Amino acid sequence: MKASDRVIKKIEEDGGRYWAGDNISKYVTEHSLTGLVNEATIAFNAVLKALVIDTKNDPNSKATARRLAKMYIYEIMSGRYTPKPDATAFPNQGDLAYNGMLVVRSEIRSMCSHHHQPVAGVAYIGVLPGKKVIGLSKYTRIAQWCARRGTLQEELCNDIVREIVKSCEVEDVAVYIQAEHGCCTNRGIMADNSLTQTTVLKGHFLQDPDVKKEFFDNISLQMQFAMGKA
């Protein structure tokens with residue numbers, strides 16, 4: 001049985017799902033990932049042959065199939081095969097409790113599940129902390145973990161919000177993403193300056209106009225800071 005068939009069998013027997021944007025880490029091991037790389041290498045070789053690319057004699061294409069297989073599984077879609085990053089929580093209570101807004105800027109890279117083109121941009125994560133907080137780097141790690149899959153930007157926004165809600169145990173979470181899509185720049189309309197923006201607001205970010213305004217004001221300040229460093 002092929003490695004992919006074994007993994008699919010586990011998922012289906014468990015009543016799970018394996019869409020491009022799903023995390024299936026609990027169904028795979030290092031051994032099965034190696035098997036998936038080997039299987040994908042064969043499949044990519046077939047694709048290259050169908051494109052009439054000489055993988056035997058072209059020095060630039062000899063190992064391309066394996067490079068593609070490893071890139072998909074260990075890099076651009078790694079968020080499907082690895083567990084969620086550990087988000088160590090710290091108490092946020094007493095005299096030192098922080099009751100303000102936290103906004104974290106996270107660079108993200110993803111892949112469109114329609115054409116497997118790159119998506120590159122920035123996610124701004126806003127949180128009104130509750131009884132605990134997580135380390136600043138964890139917001140970025142969670143965002144990148146959600147992004148490293150085949151997905152759509154609208155889905156990615158929801159995914160990041162859902163995982164931050166779980167990690168911080170609060171409902172007051174907001175995510176704003178702006179990104180460039182290879183689907184628009186590398187093919188189709190070939191729009192070099194195309195930019196897509198999506199927003200998901202929960203809790204006070206959705207219900208309180210002042211909180212919402214503060215979030216977007218903070219985003220504007222962070223954008224100005226980023227432009228100043230460029």
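Heads up: these notes are all about the structure in this document. (Residues numbered from 1 in each chain as written. Predicted model: local features only at pLDDT ≥ 70, side-chain atom pairs only at ≥ 80, totals over all residues. Heavy atoms only, no water.)

## Quick word on the packing of aromatic side chains
Piece 1. Across all of its chains, the model carries five aromatic pairs by this definition.
Piece 2. With a centroid separation of 6.0 Å and 40 degrees between ring planes, the pair formed by Tyr124 and Tyr176 is classed as tilted. A residue pair is termed long-range when its members are at least 10 positions apart, and Tyr124 in strand 3 (residues 118-127) and Tyr176 in strand 6 (residues 173-181) qualify at 52 residues.
Piece 3. Measuring from ring centre to ring centre gives 5.5 Å for Phe205 and Phe215, while their planes differ by 80 degrees; the resulting arrangement is edge-to-face. On the criterion of sequence distance, the pair formed by Phe205 in helix 8 (residues 204-207) and Phe215 in helix 9 (residues 209-229) is long-range, its members being 10 residues apart. Taken individually, Phe205 and Phe215 each receive the classification buried, so the pair is uniform in this respect.
Piece 4. One aromatic cluster is present, formed by Tyr124, Tyr176, Phe205, Phe215 and Phe216 through successive ring pairs. (Phe/Tyr/Trp six-rings, centres within 6.5 Å; stacked < 30°, edge-to-face > 60°. Helix = DSSP H or I, 4+ residues; strand = E, 2+ residues; numbered from the N terminus. Buried < 20%, exposed > 50% of the residue type's maximum accessible area, 1.4 Å probe, protein only.)

## Some words on a nonpolar patch on the surface
Piece 1. Together, Val47, Leu51 and Ile53 line one region of the surface with nonpolar side chains, adding up to about 250 Å² of accessible area.
Piece 2. With respect to the secondary-structure elements, Val47 resides in helix 2 (residues 30-50). (Patch = residues over 30% accessible without salt bridge, like charges linked within 9 Å, V, L, I, M, F, W, Y side chains within 5 Å. Areas by Shrake-Rupley, 256 points an atom, 1.4 Å probe, with all protein chains shown as cover. Salt bridge = Lys/Arg side-chain N within 4 Å of Asp/Glu carboxyl O.)

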